[in-house]
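# Residue-level structure breakdown
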Amino acid sequence: MHQRLVRYAPFLVLGAAFLMRLAHVMQVDASPLFAWPVVDGKEYVADAAAFLGGNWLGVGQGPYWHAPLYSWFLGLTAGVSGNSFFYTARVIQCALGAVTCWFAFDLGRRLFRVEIGLIAGLVAAFYGPLIYFDAEILPTSLAIFLDMAGLYLITRALQEPKPIRFLGAGVVFGLATLAVATILTFVAAAAAWIAWVARKEGGAWRPALVHSGIFAAGVALVIAPVTLRNYAVGGDTVLVSWNGGVNYYIGNNADYEDIVSIRAGWEWTDFVMRPDRAGITRPSEKSSFFFNEAKQYIASDPLGWAGLQLRKTAEFWRGDEIGRNQPVYYWRTYSPVLAATMWKQGLAFPFGLLAPFALLGIALSLRRPEARLPLLFTLVYSTSVIAFFPAARYRLPVVPVLAVFAAWGGVWLYQAIREKRPRATAAGFGALAALVIAASAGVPPMDMEGEAEVHFDLGDAYLRAGALAPAQAAFTRALESDPTYWEARFNIGTIRGMMGDNTGAVSILQDVSEAEPDRAEVWLNLAAAHLALTEMMPARIAFERVLSIDPKHEDAYIQLLALSVRQDDSTAAQELLARVEVNLPEKVDLFRDLYDQLIARQEQSQTP
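Summarised in this report is the structure supplied together with it.

Calculation notes
- Residues numbered from 1 in each chain as written.
- Predicted model: local features only at pLDDT ≥ 70, side-chain atom pairs only at ≥ 80, totals over all residues.
- Heavy atoms only, no water.
- Helix = DSSP H or I, 4+ residues; strand = E, 2+ residues; numbered from the N terminus.
- Buried < 20%, exposed > 50% of the residue type's maximum accessible area, 1.4 Å probe, protein only.
- Contact = heavy atoms within 4.5 Å.
- Areas by Shrake-Rupley, 256 points an atom, 1.4 Å probe, with all protein chains shown as cover.
- Lys, Arg positive; Asp, Glu negative; His and termini not counted.
- Charge placed at Lys NZ, Arg CZ, Asp CG, Glu CD.
- Patch = residues over 30% accessible without salt bridge, like charges linked within 9 Å, V, L, I, M, F, W, Y side chains within 5 Å.
- Salt bridge = Lys/Arg side-chain N within 4 Å of Asp/Glu carboxyl O.
- Axes fitted to C-alpha atoms, helices over the stretch in contact; angles between N-to-C directions.
- Left-handed = near helix turned anticlockwise from the far one by under 90°.
- Phe/Tyr/Trp six-rings, centres within 6.5 Å; stacked < 30°, edge-to-face > 60°.
- Disulfide = S-S within 2.5 Å.
- Parallel < 35°, antiparallel > 145°, perpendicular 65-115°, else oblique.
- Expected span 1.5 Å × (residues − 1).
- Core = buried A, V, L, I, M, F, W, Y, C linked by side-chain atoms within 4.5 Å.

## Considerations on the overall build of the protein chain
Regarding its fold elements, the protein chain presents 31 helices and 2 strands. Its C-alpha atoms give the protein chain principal-axis dimensions of about 100 × 55 × 55 Å. Within the protein chain, the proportion of its 608 residues that are buried is 51%. Sequence separation of at least 24 residues holds for 70% of the intrachain contacts in the protein chain that already meet a minimum separation of 6. About 26900 Å² of surface is accessible on the protein chain, with carbon and sulfur atoms providing 62% of the total. Between the centroid of the 49 positive side chains of the protein chain and the centroid of its 55 negative side chains there is a distance of 16 Å.

Shown next as structure tokens:
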């Protein structure tokens, strides 16, 4: 029986994991977000399209905002999959997720025994949040796979020290850094760990440092080209991506509750544009701006900051799955697989159960030398996430490792019962019960109706798909949840115009313009609605408001120029061209040619 378990356990884990993920993918394709991702997913798809279009180096994009590996992965996938891109990308991620579960199995087998590995692998295979993010257009699945592959390779290298093994581990962790840069903190710790382990086992310092240096060289070999690209193409010195400062400030400020809840769209744009309003334009300096803001907060209120770190630590280990841009639980609506593997009903399942068992297993493993590297990974990575801010997708990389310790904690408790060790059993159950209660205490219930942001994202997906009526209904649902969601109201007004109801569009967009008077896009769409109603003067006023907000807004100049020609107002046209010469000097000739073409068309249309 044991031999069969050893032989078939890896295939059982791989098969269960892949089938669960594939079933989930087949279910969530009913969501409009399946083919029209929102927020970060939309940005990754856009970057992938540029990559597929031949702009491999991202010329004109500046230094990378997101770590670039996932966009490259999507671009390559799109290149071979054609119209089935969104299925192909997710199926590949299902396969990566299945191999991640195998890594959990292998880690459990190596640390303890094959039964522990099997339990850990199956826990990962049926773990709802892992299933969910393996089907999302986000780098989470790829990053977790690379993290676990890197851990596997470091373990092998320490067991059989060879330079090529350490180099390979470094290369994989370099790739992991290009997927999600948070792993860099563990990479630094791993380099020190490699040297320490080699020295402790009787080696001299020099070869120990050589092994560590080779590992670091493997990491640098992968990251350096991206850093050079950021300098040569992006014109700035950025290691991988420049969103670190923004994300650090989000998790370290006096208004944490409000800042961490900033909505994508207008609110987010206003937030990240703070350095621009201070005259800072270089991305590295923008990142430093936010880092400095966080440092000022820490220096001014060290006790408040310490309390905030404790709060984030509790949030990290709490059973709740904290959404980032997307509330995770709502999407159970589309997936029976997800509904069965992730829920909150008294117990926040599964992390509210996994974490207590894992912490018990960690406590029982502290004296096991072979467990120290996974423990180091758990400690360093979790600390790095807490230093920024905890969210479900950022916490997830530690879950396959925690599954191993959870399996060990559960098996130890089972053995204590079978062996009739009452003190150990009582202590284990007492600790476990306390941890389970703490992990689910105060966790809010699932919101299956969907918050305003959920319906806004649905509306955004429908709108980009050209489904105007469902888009309007979704934005209306968002407004029902939050009547001050002006961006949703703006989109409703825009849709009204697209559907031919320009009178309704004007009414709605005027309300939005009063609430958000500094949004150029509001005035631009309002002007278009006035034009459709042949209300020339209100249209001209609205276009002028656009230029007062953004004097370089090309479309506003084009529309005003066309309006001036349409009204036979050559004086206004010439004044407009003079303003173009001041604000867009590089486009003057283009605008003069456009003016001549508009005049020619006007004369031709007036010819009997």
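The rest of the description comes next.
## Re a nonpolar patch on the surface
Where nonpolar side chains cluster on the molecular surface, the patch consists of Trp56, Leu57 and Val59 and spans about 360 Å² of accessible area. Within the secondary structure layout, Trp56 lies in the loop between α2 (40–52) and α3 (69–81). On the accessibility criterion, Trp56 (59% relative accessible area) is exposed.

## A short note on the environment of Ala217
Among the secondary structure elements, Ala217 is positioned in helix α10 (residues 205–232). In sequence terms Ala217 and Val91 are 126 residues apart; their C-alpha atoms lie 33 Å from each other.

## Looking at the packing of helix α21 (residues 399–418) against helix α22 (residues 422–440)
Orientation of α21 relative to α22, taken along the N-to-C sense of each, is 145°, at an axis distance of 9 Å. Between α21 and α22 lies a crossing of left-handed hand. Between α21 and α22, the contacting residues are Trp412, Leu413, Ala416 and Ile417 on the first element and Ala424, Thr425, Gly428, Phe429 and Leu432 on the second.

## Some thoughts on the packing of aromatic side chains
On inspection of all chains with the given rule, the structure shows 35 aromatic pairs. Taken together, a centroid distance of 5.3 Å and an interplanar angle of 85° make the contact between Tyr44 and Tyr70 edge-to-face. Pair noted here: Tyr44 is in helix α2 and Tyr70 is in helix α3, with a separation of 26 residues, a long-range link. The two residues Tyr44 and Tyr70 agree in class, both being buried. An aromatic cluster is present here, built from Phe173, Phe186, Phe215, Phe377 and Tyr381 joined pairwise through their rings.

## Focus: the state of the cysteines
As enumerated under the stated definition, the model contains 0 disulfides in all. Free cysteine: Cys94, not disulfide-bonded; nearest cysteine sulfur from Cys101 at 11 Å. With relative accessibility at 0%, the residue Cys94 sits in the buried group.

## Things to note about the pattern of salt bridges
Enumeration according to the criterion identifies 29 salt bridges in this entry. With a shortest N-O distance of 2.4 Å, Arg311 and Glu257 are connected by a salt bridge. With Arg311 in helix α16 (residues 302–317) and Glu257 in helix α12 (residues 256–259), this residue pair connects regions lying 54 residues apart in the sequence. Taking relative accessible area as the criterion, Arg311 reaches 34% and is therefore assigned partly exposed. A relative accessible area of 45% places Glu257 in the partly exposed class.

## Remarks on the packing of helix α29 (residues 554–566) against helix α30 (residues 570–583)
Helix-helix packing is characterised by the crossing angle of the two axes and by the distance between the axes. Look at α29 against α30: their axes get within 9 Å of each other, and the N-to-C directions meet at 160°. The angle between α29 and α30 falls in the class roughly antiparallel. As α29 runs across α30, the sense of the crossing is left-handed. Seen from α29, the contacting residues are Tyr557, Leu560, Leu561 and Ser564; seen from α30, they are Ala572, Ala573, Leu576, Leu577, Arg579, Val580 and Asn583.

## Describing the environment of Ala556
Within the secondary structure, Ala556 sits in helix α29. Each C-alpha atom, one on Ala556 and one on Arg540, is 9.6 Å from the other, the two residues being 16 residues apart in sequence. Ignoring sequence-local partners within four residues, the contact set of Ala556 consists of Leu524, Phe543, Val546 and Leu547.

## Digging into helix α5 (residues 114–125)
Compared with an ideal rise of 1.5 Å per residue, which puts 12 residues at 16 Å, α5 spans 16 Å between its outermost C-alpha atoms and is within 8% of the ideal. If you check which residues of α5 are buried, you get Val114, Ile116, Gly117, Leu118, Ala120, Gly121, Ala124 and Ala125.

## Let's talk about the nonpolar core
Residues Leu74, Phe173, Phe186 and Phe215 are the most contacted members of the largest nonpolar core, which totals 123 residues. The biggest single contributor to this core is α21, with 13 residues. Setting aside residues up to four positions removed in sequence, Phe186 forms contacts with Leu151, Phe173, Leu373, Leu376, Phe377 and Val380. Judged by nonpolar contacts, the second largest core, of 47 residues, contains Leu468, Val512, Trp523 and Phe543.

## Some points on the side chain of Arg393
Tracing the backbone through its elements, the reader meets Arg393 in helix α20 (residues 392–395). Contacts of Arg393, omitting those with residues within four sequence positions, involve Asp40, Phe133, Leu138, Thr140, Arg324 and Asn325.

## Examining helix α8 (residues 163–179)
End to end, α8 covers 25 Å across 17 residues, agreeing with the expected 24 Å (1.5 Å per residue, within 8%). Among the residues making up α8, those that are buried are Phe166, Ala169, Gly170, Val172, Phe173, Gly174, Ala176, Thr177, Leu178 and Ala179.

## Here we look at unusual backbone geometry
The omega torsion across Phe349 and Pro350 is 15°, close enough to zero to call that bond cis. Within the secondary structure layout, Pro350 lies in the loop between β2 (347–349) and α18 (351–365). For Val39, which is not a glycine, the phi torsion comes out positive at approximately 55°. Inspection of the secondary structure puts Val39 in the loop between α1 (2–28) and α2. At Asp568, a position not held by glycine, the phi torsion is positive, near 55°. Tracing the backbone shows Asp568 in the loop between α29 and α30.

From the geometry alone we can't say anything about function, so treat these as descriptive.
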